[in-house]
Amino acid sequence: GEDVEQSLFLSVREGDSSVINCTYTDSSSTYLYWYKQEPGAGLQLLTYIFSNMDMKQDQRLTVLLNKKDKHLSLRIADTQTGDSAIYFCAERRNAGNMLTFGGGTRLMVKP
Amino acid sequence: DTAVSQTPKYLVTQMGNDKSIKCEQNLGHDTMYWYKQDSKKFLKIMFSYNNKELIINETVPNRFSPKSPDKAHLNLHINSLELGDSAVYFCASSPDLPGNQPQHFGDGTRLSIL
């Protein structure tokens, strides 16, 4: 997606932390989401954050939002091989329910 | 119990044919969507539909048309299929309110044009 950008690839070792970054351009974004897609499967919602929040933590997942820089990150603590997948960030703008997705970051976790 | 289900999972057909992909949601959601994911994994919204309005992404060719027989279904009809239509098509749904409700996705339909 041209309005939401992510790096294409991230490789980490099992047990390390992973940080997946996302930048967006629309300041009217209300909610920002992280989805996970495993091979051959649909998109699974991981977490989301409202635009007036800075941080949200959910078990091994931490989302950080820098609204000034329009930067979103997803940190996965103690990354496991089962975390290997493509991770998409998505923004929901003020008008309507439609989501604009980033291009996805392929996370590879090495044993 | 599958929340958003699409059929078929795989669809292989020839160029020029007309085909449909079905989508059903049992979540009682108000709005349904169709997305296209290309070979590079880019996801693009195609349509958003609820009983109030249909929102169409202007880049979608008019060979694509959504049909909603009722609130729980949004089918995708494609006429005169072209090679570039090969992709994975995802259906999704969400409630209109409250505003923080995320979209729930189906498992996708992989369309291959020969």
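Residues numbered from 1 in each chain as written. Chains lettered and ligands numbered in written order. Predicted model: local features only at pLDDT ≥ 70, side-chain atom pairs only at ≥ 80, totals over all residues. Heavy atoms only, no water.

K.L.:
What am I meant to see in the overall build of chain A here?
P.N.:
Across its full length, chain A carries zero helices and eleven strands. When its helices and strands are written in sequence order, chain A yields β-β-β-β-β-β-β-β-β-β-β. Scaling as 2.2 N^0.38, a compact globule of 111 residues should have a C-alpha radius of gyration of about 13 Å, and chain A matches this with 13 Å. Taken along the three principal axes of its C-alpha coordinates, chain A extends 45 × 30 × 20 Å. Within chain A, residue pairs in contact and separated by at least 24 positions form 55% of the contacts whose partners lie at least 6 positions apart. Summing over all exposed atoms, chain A offers an accessible surface of approximately 5,300 Å²; the carbon and sulfur share of this is 49%. Both charge centroids of chain A, one from 12 positive and one from 13 negative side chains, sit 1 Å from each other. (Helix = DSSP H or I, 4+ residues; strand = E, 2+ residues; numbered from the N terminus. Rg over C-alpha atoms; globule rule 2.2 N^0.38 Å. Contact = heavy atoms within 4.5 Å. Areas by Shrake-Rupley, 256 points an atom, 1.4 Å probe, with all protein chains shown as cover. Lys, Arg positive; Asp, Glu negative; His and termini not counted. Charge placed at Lys NZ, Arg CZ, Asp CG, Glu CD.)

K.L.:
Would you take a moment to explain the state of the cysteines for this structure?
P.N.:
A disulfide bridge is the covalent bond that connects two cysteines by way of their sulfur atoms. Considering all chains together, one arrives at two disulfides over all chains under this definition. The disulfide that involves Cys 22 of chain A links it to Cys 89 of chain A, with 1.9 Å between the sulfurs. Negative torsions about the S-S bond denote left-handed disulfides, and the value of about 65° found for Cys 22 of chain A with Cys 89 of chain A makes this one right-handed. In this pair, Cys 22 of chain A sits in strand 3 (residues 18–24) while Cys 89 of chain A sits in strand 9 (residues 85–92), placing the two residues 67 residues apart along the sequence. Overall, Cys 22 of chain A belongs to the buried group, its relative accessible area being 2%. Disulfide partner of Cys 23 of chain B: Cys 91 of chain B, at an S-S distance of 1.9 Å. Since a negative S-S torsion denotes a left-handed disulfide, the Cys 23 of chain B-Cys 91 of chain B link at about -80° is left-handed. Pair noted here: Cys 23 of chain B is in strand 3 (residues 19–25) and Cys 91 of chain B is in strand 9 (residues 87–94), with a separation of 68 residues, a long-range link. Judged by its relative accessible area of 0%, Cys 91 of chain B falls in the buried class. (Disulfide = S-S within 2.5 Å. Buried < 20%, exposed > 50% of the residue type's maximum accessible area, 1.4 Å probe, protein only.)

K.L.:
How should unusual backbone geometry be read in this particular structure?
P.N.:
A cis amide bond links Thr 7 of chain B to the next residue, Pro 8 of chain B, at an omega of 0°. Here Pro 8 of chain B is to be found in the loop between strand 1 (4–7) and strand 2 (10–13). For Asp 78 of chain A, which is not glycine, the phi dihedral falls at a positive 50°. The class for Asp 78 of chain A is partly exposed, based on a relative accessible area of 40%.

K.L.:
How should the interface of chain A and chain B be read in this particular structure?
P.N.:
Tallying the contact residues gives 21 residues for chain A and 25 residues for chain B. Of the roughly 1,800 Å² buried where chain A meets chain B, counting both sides, 55% is carbon and sulfur surface. One can count zero salt bridges joining chain A with chain B. Between the two partners, chain A and chain B, sit two residue pairs in polar contact (both at pLDDT 80 or more). Among the secondary structure elements, those contributing two or more residues to the side of chain A that touches chain B are strand 4 (31–37), strand 5 (43–50), strand 9 and strand 10 (99–101) of chain A. It is strand 4 of chain A that provides the largest number of residues to the side of chain A that touches chain B, a total of four residues. In terms of residue class, the side of chain A that touches chain B is built from twelve nonpolar, six polar and three charged. (Buried area = accessible area lost by both parts, 1.4 Å probe. Salt bridge = Lys/Arg side-chain N within 4 Å of Asp/Glu carboxyl O. Polar contact = N/O pair within 3.5 Å; in protein donor to acceptor, adjacent residues only side chain to side chain. Nonpolar A, V, L, I, M, F, W, Y, C, P; charged D, E, K, R; others polar.)

K.L.:
Can you help me understand empty space enclosed by the protein in this one?
P.N.:
Regions of empty space are outlined by a rolling probe, equal in size to a water molecule, passed over the atoms. In total, this model carries one cavity of 30 Å³ or more according to the counting rule given. In the lining of the largest cavity, the residues fall into five nonpolar, four polar and one charged. (1 Å grid on protein atoms, 1.4 Å probe; cavity = no way out; pocket = protein on both sides within 12 Å on 5 of 7 lines; lining within 4 Å. Points joined across faces, edges and corners; volume = space filled by probe spheres on them.)

All we've got here are geometric facts, nothing functional implied.
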